[in-house]
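# Reading the structure
Letter by letter, the chains look like this.
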Amino acid sequence: MDKNKIKKQTKNWKKFWKLGEDEFNTQYFDINANGELVVKEGYYQYNIMDIVKKYGTTTEVFFPFILENRVRDLIELFNAYIKILNYKGRFYYHYVMKSNQHREFVLPAIAEGAHIEVSSANELFLVKRMLEQEKFNHKIRVTCNGPKTDQYINLIEELREKGLIIIPIIENRGELERLKKFKGEVGVRVNLDLKVDAHWDKKYNHFGFDEEELVKIGKIRNLSMLHYHISTQNEKIEGFVKPLKRAIELYAKLKEQNPALDTVNFGGGMAVPYEKKKKMISVKSLVNQMIKVAKKESDKLGVKHPNLVCEWGSYFTAPSQISLFKVLEEKAIGNKTDTKWYFIDGSFITNLTDTWSVVRHKWHFAAANHLNTRRLQKVWLAGSTCDADDRYTASGNYVLLPKITEDSPDLYLVVFDTGSYQYTLGNNHCLLSKPALVVCQNGEVKLSRKRQTPEELGKIFGWNGEHK
Ligand SMILES: *Cc1c(COP(=O)(O)O)cnc(C)c1O
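All of these numbers come straight from a predicted model, not from anything done at the bench.

What counts as what
Residues numbered from 1 in each chain as written. Predicted model: local features only at pLDDT ≥ 70, side-chain atom pairs only at ≥ 80, totals over all residues. Heavy atoms only, no water. Patch = residues over 30% accessible without salt bridge, like charges linked within 9 Å, V, L, I, M, F, W, Y side chains within 5 Å. Areas by Shrake-Rupley, 256 points an atom, 1.4 Å probe, with all protein chains shown as cover. Salt bridge = Lys/Arg side-chain N within 4 Å of Asp/Glu carboxyl O. Lys, Arg positive; Asp, Glu negative; His and termini not counted. Charge placed at Lys NZ, Arg CZ, Asp CG, Glu CD. Helix = DSSP H or I, 4+ residues; strand = E, 2+ residues; numbered from the N terminus. Pairing = 2+ DSSP bridges. Axes fitted to C-alpha atoms, helices over the stretch in contact; angles between N-to-C directions. Contact = heavy atoms within 4.5 Å. 1 Å grid on protein atoms, 1.4 Å probe; cavity = no way out; pocket = protein on both sides within 12 Å on 5 of 7 lines; lining within 4 Å. Points joined across faces, edges and corners; volume = space filled by probe spheres on them. Domains from an automatic or database assignment. Buried area = accessible area lost by both parts, 1.4 Å probe. Polar contact = N/O pair within 3.5 Å; in protein donor to acceptor, adjacent residues only side chain to side chain. Nonpolar A, V, L, I, M, F, W, Y, C, P; charged D, E, K, R; others polar. Buried < 20%, exposed > 50% of the residue type's maximum accessible area, 1.4 Å probe, protein only. Near = heavy atom within 4 Å.

This paragraph deals with a positive patch on the surface. A contiguous patch of positive charge, built from Lys5, Lys8, Lys11, Lys15 and Arg374, is present on the exposed surface. Its place among the elements puts Lys11 in helix H1 (residues 3-16).

This is the structure we're talking about:
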């Protein structure tokens, strides 16, 4: 076949597997002439099959440059619109530790200018470690969400005394009382009286103060930040603009008794195109509209433009990692003639826990090899635990993957956007091992975390090798 023809075909395959598309966050992914998945860092290219051959499966592959580009782009975008629209407040992005606590993720984000958000004492302990190792510029800011146990508050106080700018976000009356004498800045979390049309639209939100209650409290010592976190996987511009407008009204009210209040923290919730089916909102026009609304509302109410804090989590971490599995076996599905089970060596319960629990989200799948085959198979995927729920049927629909044939018996499954929450939500059901973590950066491929061994797993459950 001539070169041009191969080029054209590869382009079609790329499109078919939804690779190389900005709006799906797959712009770094491509297919090589052998039909294998490659990931491009500038002009460098990682072949995923090389990683499979060297490290086996189950494996997570993290690309720090994807995370870094996303952090840099968003900070630049906010700063650009702040300038264009002559907005007087500043923008701060805080890396959400709970979305991925791996050192390999956190450090590059900080190096690109991220501040930090933690949700527990144990996450804050990691910040303490970095502080003790003098890894921080003293200007870094840390917001603390989540219920404040004594251990958590003691650590907050300790780090403040060590000179860290640390802002506990007060969520209830107990915390308000406990932090009355705190010498640093504090924030409060409000449960905004409005709903947005997104994944997390619970009728009763158990986080934060109601608006009315907050206004009644009046003066809060050292209050500098008003915080809300209204949703996750929010796919509409309105879902960001509406709450921001409402928060600025409240900010203006609270500012009367709390003149030092100068920041609105709009939490997390930016959607990730997990399914790669529909068009996502443009971050550019979202940022434009948010700054416009913040400006217009504050001008209307005659208050200073607040600084804006962003705590998007999965938006940054999810697209910077993929997960690799081996297809172990295929099997007929009862009397369904056109669809087959593909069994994988990992599990939807232990590795891709959101399939089944918290967000119940769908995933985009491709293969690491045979991406240029016309012979495709409709499949349902089955995980390796003995649980009947350990499966992925695309809600009764199907996933299209390369057919397993005699000439191509080995097939490796790739799942996209697995970099947020899955590792910590994951578990050891049926004592399956946690996957290995491989990191690709600057042309180098490194094993960062080994796959859990039977010995390590045994130890967790008290099997130390002595059988008494
Ligand atoms: C979880 C969480 C976030 C991040 O949410 P995403 O949906 O991952 O963007 C941000 N802020 C707070 C307070 C959170 O609890």
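This paragraph deals with the sheet that holds strand S3 (residues 44-47). Taken together, the three strands give an open sheet; going across it, the order is S1-S2-S3, and neighbouring strands pair in antiparallel fashion. What marks the edges here is a single partner per strand, and that holds for strand S1 (29-31) and S3. When strand polarity is set aside, the average angle formed by the axes of neighbouring strands in this sheet is 35°. The sheet contact formed by S1 and strand S2 (residues 37-41) spans three bridges and is antiparallel. The residue bridging Asp30 from the neighbouring strand is Val38, located in S2. In the packing of H1 onto the sheet, contacts are made with S1 and S2, and the angle to S1 comes to roughly 135°.

This part takes up empty space enclosed by the protein. Inspection of every chain in the model, using the stated rule, returns two cavities of 30 Å³ or more. Roughly 40 Å³ of internal volume is contained in the second largest cavity. Taken together, Tyr228, Ile230, Ser231, Asn234, Gly239, Phe240, Pro243, Phe266, Gly268 and Gly269 make up the full set of residues lining the second largest cavity.

This part covers the environment of Phe240. Topologically, Phe240 is positioned in helix H9 (residues 238-257). The sequence separation of Phe240 and Ser120 amounts to 120 residues, and the corresponding C-alpha distance is 26 Å. Not counting residues within four places of it along the chain, the set of residues in contact with Phe240 comprises Tyr228, Asn234, Gly268, Gly269, Met270, Ile281, Leu286, Met290 and Trp312.

Here the focus is the domain arrangement of the protein chain. One frequent convention defines the size of an interface as the accessible area lost when the parts assemble. For the protein chain, the assigned domains are domain 1 (24-64 + 321-460) and domain 2 (87-312). With centres defined by C-alpha atoms, the gap from domain 1 to domain 2 works out at 34 Å. Between domain 1 and domain 2, a total of about 1,800 Å² is buried, with carbon and sulfur atoms accounting for 62% of that surface. Per-residue buried area on domain 1 facing domain 2 is highest for Phe24, Phe62 and Tyr421; these three make up 31% of the total on that side. Counting across the domain 1 and domain 2 interface gives one salt bridge. In this structure, Lys276 and Asp417 form a salt bridge, with 2.8 Å as the shortest nitrogen-oxygen distance. For the interface between domain 1 and domain 2, the tally reads seven residue pairs in polar contact (both at pLDDT 80 or more). Among the secondary structure elements, those contributing two or more residues to the side of domain 1 that touches domain 2 are helix H12 (422-425), strand S21 (436-441) and strand S22 (444-449). Across the side of domain 1 that touches domain 2, the residue classes tally to 11 nonpolar, nine polar and three charged.

Let us now look at the side chain of Asn100. Of note, Asn100 is situated in the loop between strand S5 (91-96) and helix H4 (103-111). Note on Asn100: relative accessible area 6%, which makes it buried. In this structure, Asn100 is in contact with Tyr95, Phe105, Val106, Thr317, Gln321 and Gly419, ignoring residues within four places of it in sequence.

Taken together, the neighbourhood of the ligand is formed by 15 residues, with Lys98, Thr232, Gly269, Gly313 and Tyr421 sitting nearest. Here an oxygen atom of the ligand and a backbone polar atom of Gly269 are 2.8 Å apart. One nitrogen or oxygen atom from the side chain of Glu311 is found 2.9 Å from a nitrogen atom belonging to the ligand. Burial of the ligand by the protein chains amounts to 92% of its free accessible area of 390 Å². In the shell around the ligand, the residues fall into three nonpolar, eight polar and four charged.

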